[in-house]
Amino acid sequence: DFARIYPLMVLKGSLLEQWYAQGKYHPISLEKSIQLVKEMVKIFEAANVDVIRMGLQSSDLMEDQSLVIAGPWHPAFGHLVYSEIMYDTACDQIDKCKGWESKKLFVKVHPKSESRLRGNKNGNLKKLYQRYPGLDLTIQLDERVPINQINIGLINN
């Protein structure tokens, strides 16, 4: 009915900590974990399985650097994953939008999804402007757009 996705963390006092100290276990990076979970979310969505949690919930334990030894921890892990999915969606739509190089584009997004479109610290917008030099993009908030979706098109002057 639903799925929870938890990246593996190395916690103090665990067998995994011993393996990590001995070089028998190497945790994946935060970026690699985000990319892997992004693909998992796509698989679950295609199978109509709701993903109700990604990453471990922020808590005193997770914030204590003496207890969390290694692993892909971020307090907003799920947001990072959804932001990557939104970035991929934006790239797909821009690639299909012929003539964007010489015109202004709009991207319509539900107000609740704007932060996912922008990405962590506006990282998605920065990546879009790097990938598409000269991109002129205007974000338009529209409650009619389904959450986690975007609509991109040319602005007619």
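Residues numbered from 1 in each chain as written. Predicted model: local features only at pLDDT ≥ 70, side-chain atom pairs only at ≥ 80, totals over all residues. Heavy atoms only, no water.

1. A closer look at the packing of aromatic side chains
The condition that has to hold: Note on ring pairs: Phe, Tyr and Trp rings are taken, using the six-membered ring of Trp, and paired if centres are within 6.5 Å. Classes follow the plane angle, with under 30 degrees stacked, over 60 edge-to-face and the rest tilted. Placement of a positive charge over a ring is assigned whenever Lys NZ or Arg CZ falls within 6 Å of the ring centre and within 35 degrees of the normal to the ring plane.
What the rule picks out here adds up to 0 aromatic pairs. Lys 108 extends its terminal NZ or CZ atom over the ring of Phe 106, reaching a point 5.5 Å from the ring centre. The cationic tip of Lys 127 hangs over the ring face of Tyr 87; the distance from NZ or CZ to the ring centre is 4.2 Å.

2. A closer look at the pattern of salt bridges
Side-chain pairs of opposite charge can arise whenever the charged atoms involved come near each other. Selection rule: Any carboxyl oxygen of Asp or Glu within 4 Å of a side-chain nitrogen of Lys or Arg constitutes a salt bridge here. The way it works is that DSSP assigns letters per residue, a run of H or I at least four long becomes a helix, a run of E at least two long becomes a strand, and they are numbered from the N terminus.
Within the structure shown, the criterion is met by 7 salt bridges. For Arg 118, the salt bridge goes to Glu 114, with nearest N and O atoms at 2.9 Å. Of this pair, Arg 118 and Glu 114 both sit in helix α5 (residues 114-118), 4 residues apart, roughly one helical turn. Residues participating in the shared-partner salt-bridge network are Lys 38, Glu 39, Lys 42 and Asp 88.

3. Section: the packing of helix α4 (residues 77-96) against helix α6 (residues 123-131)
Threshold: In this analysis an axis means a line fitted to C-alpha atoms, helices contributing only their contacting stretch, and an angle means the value between N-to-C directions, from 0 to 180 degrees. If an angle is under 35 degrees, it is roughly parallel; if it is over 145, roughly antiparallel; if it lies from 65 to 115, roughly perpendicular; otherwise it is oblique. Whether a crossing is left-handed or right-handed is set by the direction in which the near helix is turned from the far one by less than a right angle, anticlockwise for left-handed and clockwise for right-handed. Any two residues having at least one pair of non-hydrogen atoms within 4.5 Å are treated as being in contact. When residue character is reported, Ala, Val, Leu, Ile, Met, Phe, Trp, Tyr, Cys and Pro are called nonpolar, Asp, Glu, Lys and Arg charged, and the others, Gly included, polar.
One can describe the packing of α4 onto α6 by two numbers: an axis separation of 10 Å at closest approach and a directional angle of 30°. Taken together, the axes of α4 and α6 are roughly parallel relative to one another. Crossing angle aside, the handedness with which α4 passes α6 is right-handed. On α6, the residues touching Ser 83, Glu 84, Tyr 87, Ala 90, Cys 91, Ile 94 and Asp 95 of α4 are Asn 124, Lys 127, Leu 128 and Arg 131. For the contact of α4 with α6, a count of residues per class yields 5 nonpolar, 2 polar and 4 charged.

Note that all results are geometric; they support no functional claim without further evidence.
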